Amino acid sequence: ATRSDHGASELRDDLVEALRTGIQSFDCDVLDNTLGEFHEQKISSETIIDTYIPAVARLIGEAWCSDQMSFAEVTIGSARLQAIVRDLAPNISADTVNPLNTASVVIVVRDGEHHTLGAVIAANQLRRNGISVQLMIGAGDTEIVRTIAAKDFDVVAISASSGETVSTVSALIRSLRATFDKEIPIALGGSIVGMVDDLQARTGADIVTNETSEILQLCGLATQPMHAALPDVRG
């Protein structure tokens with residue numbers, strides 16, 4: 001997971017633990033009550049999405065790695081966290097945030113990968129900054145290349161897990177570049193970051209990052225501090 005200190009002072013350990021308990025409980029009221037506590041404490045939806053959900057994602061990812069949680073438990077917990085993001089996130093579009101901004105980003109999670117939570121959070125953060133975002137989750141490389149070649153994106157962001165190989169990511173990036181009519185920046189993020197040395201040089205990505213603020217910079221936009229853009233839930 002991205003281990004950023006951004007916003008660490010905002011975290012309340014009791015609420016982090018309550019949220020983790022809520023997503024693991026078979027009683028839906030437990031999670032509803034926890035989210036109600038966030039509301040009573042006047043903790044914004046943005047803070048929950050940017051700070052608390054990534055913190056819980058790290059905890060269940062670590063529990064998976066230490067065999068304290070099963071694959072099924074991690075999968076269910078991740079799905080519930082993603083559902084919270086969906087429910088808390090307003091219906092944001094680039095036009096409503098900044099009608100003069102035409103920057104667009106596609107975030108790609110390749111077929112066979114299960115780490116979709118980070119991509120969903122990153123998309124939410126970018127949309128809140130006026131970026132038009134298309135999420136491609138579970139698509140094969142041929143579909144990814146065809147879709148991106150047919151549209152005019154300003155940035156391509158690939159979210160790759162530690163389970164993916166440098167060769168497969170590099171092959172996708174080479175295929176994308178071969179289809180571009182113009183030079184388009186390609187960003188690489190996800191749990192693969194920090195797991196492989198010289199990742200940028202070995203894959204051909206223009207930037208390797210787990211911070212959506214750096215994606216905004218690629219779009220030529222001013223940035224606001226963002227937190228834990230691409231949390232890693234292994235499994």
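Coordinates for the structure precede this section.
Below is a summary of the structure that appears in this document. (Residues numbered from 1 in each chain as written. Predicted model: local features only at pLDDT ≥ 70, side-chain atom pairs only at ≥ 80, totals over all residues. Heavy atoms only, no water.)

**Considering the packing of aromatic side chains**
In step 1: This model, assessed by the stated rule, comprises 2 aromatic pairs.
In step 2: Taking 5.0 Å as the distance between ring centres and 80° as the angle between the ring planes, the aromatic pair formed by Phe38 and Tyr52 counts as edge-to-face. Highlighted residues: Phe38 in helix 2 (residues 28–40) and Tyr52 in helix 3 (residues 45–65), separated in sequence by 14 residues.
In step 3: For Phe38, a relative accessible area of 0% translates into the label buried.
In step 4: Classification of Tyr52 as buried rests on a relative accessible area of 1%.
In step 5: Here the aromatic rings of Trp64 and Phe71 are separated by 6.1 Å at their centres, their planes lie at 65°, and the arrangement is edge-to-face. (Phe/Tyr/Trp six-rings, centres within 6.5 Å; stacked < 30°, edge-to-face > 60°. Helix = DSSP H or I, 4+ residues; strand = E, 2+ residues; numbered from the N terminus. Buried < 20%, exposed > 50% of the residue type's maximum accessible area, 1.4 Å probe, protein only.)

**So, the nonpolar core**
In step 1: Counting residues in hydrophobic clusters, the biggest one holds 24 residues, and the most contacted among them are Leu19, Ile23, Ile53 and Leu81.
In step 2: Going through the elements one at a time, helix 1 (13–24), helix 2, helix 3, helix 4 (71–88) and helix 6 (117–128) are the ones with two or more residues in this core.
In step 3: Those residues within four positions of Ile53 in sequence are excluded, and the remaining contacts are Leu19, Ile48, Leu81, Ile84, Val85, Leu117 and Ile121.
In step 4: In terms of nonpolar packing, the next biggest core, distinct from the first, is built from 23 residues, Ala139, Ile144, Val169 and Ile192 among them. (Core = buried A, V, L, I, M, F, W, Y, C linked by side-chain atoms within 4.5 Å. Contact = heavy atoms within 4.5 Å.)

**Details of the pattern of salt bridges**
In step 1: Within the structure shown, the criterion is met by 6 salt bridges.
In step 2: Taking the shortest distance from any N to any O, the salt bridge between Glu17 and Arg20 comes out at 3.1 Å. Residue Glu17 and its partner Arg20 are both found in helix 1; the two are separated by 3 residues, about one turn of the helix.
In step 3: A relative accessible area of 35% places Glu17 in the partly exposed class.
In step 4: Between Arg177 and Asp206 there is a salt bridge whose closest N-O contact spans 2.9 Å. Within this pair, whereas Arg177 is found in helix 8 (residues 166–179), its partner Asp206 is found in the loop between helix 9 (199–203) and strand 5 (207–208), the two being separated by 29 residues in sequence.
In step 5: On the accessibility criterion, Arg177 (30% relative accessible area) is partly exposed.
In step 6: Residue classification places Asp206 among the partly exposed residues on the basis of a relative accessible area of 33%. (Salt bridge = Lys/Arg side-chain N within 4 Å of Asp/Glu carboxyl O.)

**A few points about unusual backbone geometry**
In step 1: One non-glycine residue, Lys42, lies in the positive phi region at around 60°.
In step 2: Inspection of the secondary structure assignment puts Lys42 in the loop between helix 2 and helix 3.
In step 3: Residue classification places Lys42 among the exposed positions, given a relative accessible area of 76%.

**Topic: the pairing of strand 1 (residues 104–110)**
In step 1: Counting buried positions along strand 1 yields 7 of 7 residues, so the element is predominantly enclosed.
In step 2: Here strand 1 shows a buried face lined by Ser104, Val106, Val108 and Arg110 and a second buried face lined by Val105, Ile107 and Val109.
In step 3: With 7 bridges connecting them, strand 1 and strand 2 (residues 132–139) associate as parallel partners. Within strand 2, the position partnered with Ile107 by the bridge is Leu135. (Pairing = 2+ DSSP bridges.)

**What about the environment of Val155?**
In step 1: The topology assignment puts Val155 in strand 3 (residues 155–159).
In step 2: Distance in space between the C-alpha atoms of Val155 and Ala187 is 7.4 Å, their sequence separation being 32 residues.

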